[in-house]
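As a plain string of letters, each chain reads:
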Amino acid sequence: QVQLVESGGGLVQAGDSLRLSCAASGRTFGSYIGWFRQAPGKEREFVAAISWSTSFTDYGESVEGRFTISRDNAKNMVYLQMNSLKPEATAVYYCAASRGGSTKLARSYYYWGQGTQVTVSS
């Protein structure tokens, strides 16, 4: 069993930065931790992913260059630094654990956190 808890969401203005955290606990965390987001009425969108054991990272096209994913293995934490936020980034952000497969596909992830709300005002 894997438990994932997101934190760090909130209300910010366009252009601001925000850092989300994902705390992982349990017996095994899988191969990757990914961040997804879902806005009302829209499909869940891949944001970023990071390997627990290698230097591999992956980003969605809409966030590449502005968002940075990182991890702290000693603390079992994964972070998502979000810079230059835009109103279209408003969504619930989820972290999820994957054993493998395409990092961009939600079906590759088998445990999900409860999500944290990010709201970006214009």
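Preceding this section is the structure that the text describes.
Residues numbered from 1 in each chain as written. Predicted model: local features only at pLDDT ≥ 70, side-chain atom pairs only at ≥ 80, totals over all residues. Heavy atoms only, no water.

### With respect to the pairing of strand β5 (residues 45-51)
Moving on, step 1. Among the 7 residues in β5, 6 count as buried, and that is most of the element.
Moving on, step 2. As consecutive antiparallel partners, strand β4 (residues 32-38) and β5 are separated by 6 residues, and within that stretch Gly-41 has a phi angle of approximately 80°, a positive value.
Moving on, step 3. Of the strand pairs in this sheet, β5 and strand β6 (residues 57-59) are connected by 3 bridges, and their pairing is antiparallel. Bridge assignment links Ile-50 to a residue of β6, and that residue is Thr-57.
Moving on, step 4. Here β5 folds back onto β6 in antiparallel fashion, the turn holding 5 residues. (Buried < 20%, exposed > 50% of the residue type's maximum accessible area, 1.4 Å probe, protein only. Helix = DSSP H or I, 4+ residues; strand = E, 2+ residues; numbered from the N terminus. Pairing = 2+ DSSP bridges.)

### Brief notes about the side chain of Arg-37
Moving on, step 1. With respect to the helices and strands, the residue Arg-37 is situated in strand β4.
Moving on, step 2. Its relative accessible area of 7% is what places Arg-37 among the buried residues.
Moving on, step 3. Side chain to side chain, Arg-37 and Tyr-93 meet in a polar contact 3.0 Å long.
Moving on, step 4. Sequence-distant contacts of Arg-37, that is, excluding residues within four places in its chain, are made with Glu-43, Arg-44, Glu-45, Val-47, Ser-62, Val-63, Phe-67, Ala-89, Ala-91, Val-92 and Tyr-93. (Polar contact = N/O pair within 3.5 Å; in protein donor to acceptor, adjacent residues only side chain to side chain. Contact = heavy atoms within 4.5 Å.)

### Focus: the packing of aromatic side chains
Moving on, step 1. Tallying each qualifying case throughout the model produces 7 aromatic pairs.
Moving on, step 2. Look at Phe-36 and Phe-46: their rings are 5.6 Å apart centre to centre, the planes differ by 70°, and that puts the pair in the edge-to-face class. Of this pair, Phe-36 sits in strand β4 while Phe-46 sits in strand β5, placing them 10 residues apart in sequence.
Moving on, step 3. Overall, Phe-46 belongs to the buried group, its relative accessible area being 8%.
Moving on, step 4. Ring centres 5.0 Å apart and planes at 80° place the aromatic pair Phe-36 and Tyr-109 in the edge-to-face group. Taken together, the residues Phe-36 in strand β4 and Tyr-109 in strand β10 (residues 109-112) connect sequence positions 73 residues apart. The exposure classification of Phe-36 matches that of Tyr-109, with both residues buried.
Moving on, step 5. Joined through ring pairs, the aromatic side chains of Phe-36, Phe-46, Tyr-94, Tyr-109 and Trp-112 make up one cluster.
Moving on, step 6. Across the ring face of Tyr-79, the terminal group of Arg-19 is positioned such that the distance to the ring centre comes to 4.1 Å.
Moving on, step 7. Taking the ring centre of Trp-112 as reference, the NZ or CZ of Arg-44 above it sits at 4.6 Å. (Phe/Tyr/Trp six-rings, centres within 6.5 Å; stacked < 30°, edge-to-face > 60°. Lys NZ or Arg CZ within 6 Å of the ring centre and 35° of its normal.)

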